[in-house]
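Secondary and tertiary structure notes
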Amino acid sequence: MSSRRSRSRQSGSSRITDEQISDLVSKLQDLLPEARLRSNDRMPSSRVLQETCNYIRSLHREVDDLSERLSELLATSDMSSAQAAIIRSLLM
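Cut-offs and rules
Residues numbered from 1 in each chain as written. Predicted model: local features only at pLDDT ≥ 70, side-chain atom pairs only at ≥ 80, totals over all residues. Heavy atoms only, no water. Helix = DSSP H or I, 4+ residues; strand = E, 2+ residues; numbered from the N terminus. Buried < 20%, exposed > 50% of the residue type's maximum accessible area, 1.4 Å probe, protein only. Contact = heavy atoms within 4.5 Å. Areas by Shrake-Rupley, 256 points an atom, 1.4 Å probe, with all protein chains shown as cover. Salt bridge = Lys/Arg side-chain N within 4 Å of Asp/Glu carboxyl O. Patch = residues over 30% accessible without salt bridge, like charges linked within 9 Å, V, L, I, M, F, W, Y side chains within 5 Å. pLDDT = per-residue confidence, 0-100. Axes fitted to C-alpha atoms, helices over the stretch in contact; angles between N-to-C directions. Parallel < 35°, antiparallel > 145°, perpendicular 65-115°, else oblique. Left-handed = near helix turned anticlockwise from the far one by under 90°. Nonpolar A, V, L, I, M, F, W, Y, C, P; charged D, E, K, R; others polar. Polar contact = N/O pair within 3.5 Å; in protein donor to acceptor, adjacent residues only side chain to side chain.

On to the overall build of the protein, then. Within the protein one finds five helices and zero strands. When the helices and strands of the protein are placed in sequence order, the string is α-α-α-α-α. Within the protein, the fraction of its 92 residues that count as buried is 12%. Sequence separation of at least 24 residues holds for 5% of the intrachain contacts in the protein that already meet a minimum separation of 6. Just so you have it, the protein exposes about 7,900 Å², and 54% of that area is on carbon and sulfur atoms.

Okay, structure coming up:
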């Protein structure tokens, strides 16, 4: 048997099936907030992946905005205040 065939058989057992991909895309769609608001209609996989990318980008922007707000809050607050102590304890 050629090495190409043996590699094909070996990798074939570790390949993900179309059914598994479909199941994963379905689970991913369930995690998207906008998709949950829609009816139980399933979006095409490409749309689910695009929506997921958009959602991740929006989460990154939100984290950046919150980080900036926190930095501003810490810069303007009295670092010995109870409020600053609470913020520091949440960050640890």
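Right, let's get into the pattern of salt bridges. Tallying each qualifying case throughout the model produces two salt bridges. Lys27 serves as the salt-bridge partner of Asp23, at 3.4 Å between the closest nitrogen and oxygen. Of the two residues, Asp23 and Lys27 are both situated in helix α2 (residues 18-31); the distance of four residues between them amounts to about one turn of the helix. On the accessibility criterion, Lys27 (48% relative accessible area) is partly exposed.

Right, let's talk about a nonpolar patch on the surface for a bit. A contiguous nonpolar patch, built from Ile16, Ile21 and Leu24 and spanning about 260 Å² of accessible area, is present on the exposed surface. You can see Ile21 is positioned in helix α2.

This brings us to the confidence of the model for the protein. Here the protein shows a mean pLDDT of 80. Residues at 70 or above account for 75%. In this model residues 5-10 is a low-confidence stretch, pLDDT under 50, and it forms two contacts with partners more than four residues away in sequence or in other chains.

Looking now at the packing of α2 against helix α4 (residues 45-76). Where α2 meets α4, the closest approach of the two axes is 10 Å, and the angle between their N-to-C directions is 40 degrees. One finds that α2 runs oblique with respect to α4. Once α2 is placed against α4, the crossing between them reads as left-handed. Contacts from Val25, Leu28, Gln29 and Leu31 in α2 reach Ser45, Val48, Leu49, Thr52 and Tyr55 in α4. Along the lines of polarity and charge, the residues of the contact of α2 with α4 split into six nonpolar, three polar and no charged.

This brings us to the packing of α4 against helix α5 (residues 82-91). Two elements in contact, α4 and α5, have axes separated by 10 Å at closest approach and are oriented at 140 degrees. Classified by the angle their axes make, α4 and α5 are oblique. Regarding α4 and α5, the two cross each other, and that crossing is left-handed. Of α5, the residues touching α4 (which contributes Leu70, Leu73 and Leu74) are Gln83, Ile87 and Leu91.

One can find Thr52 in helix α4. A polar atom in the side chain of Thr52 sits 2.7 Å from the backbone oxygen of Val48. Those residues in contact with Thr52 that sit more than four places away from it in its chain are Leu28 and Leu32.

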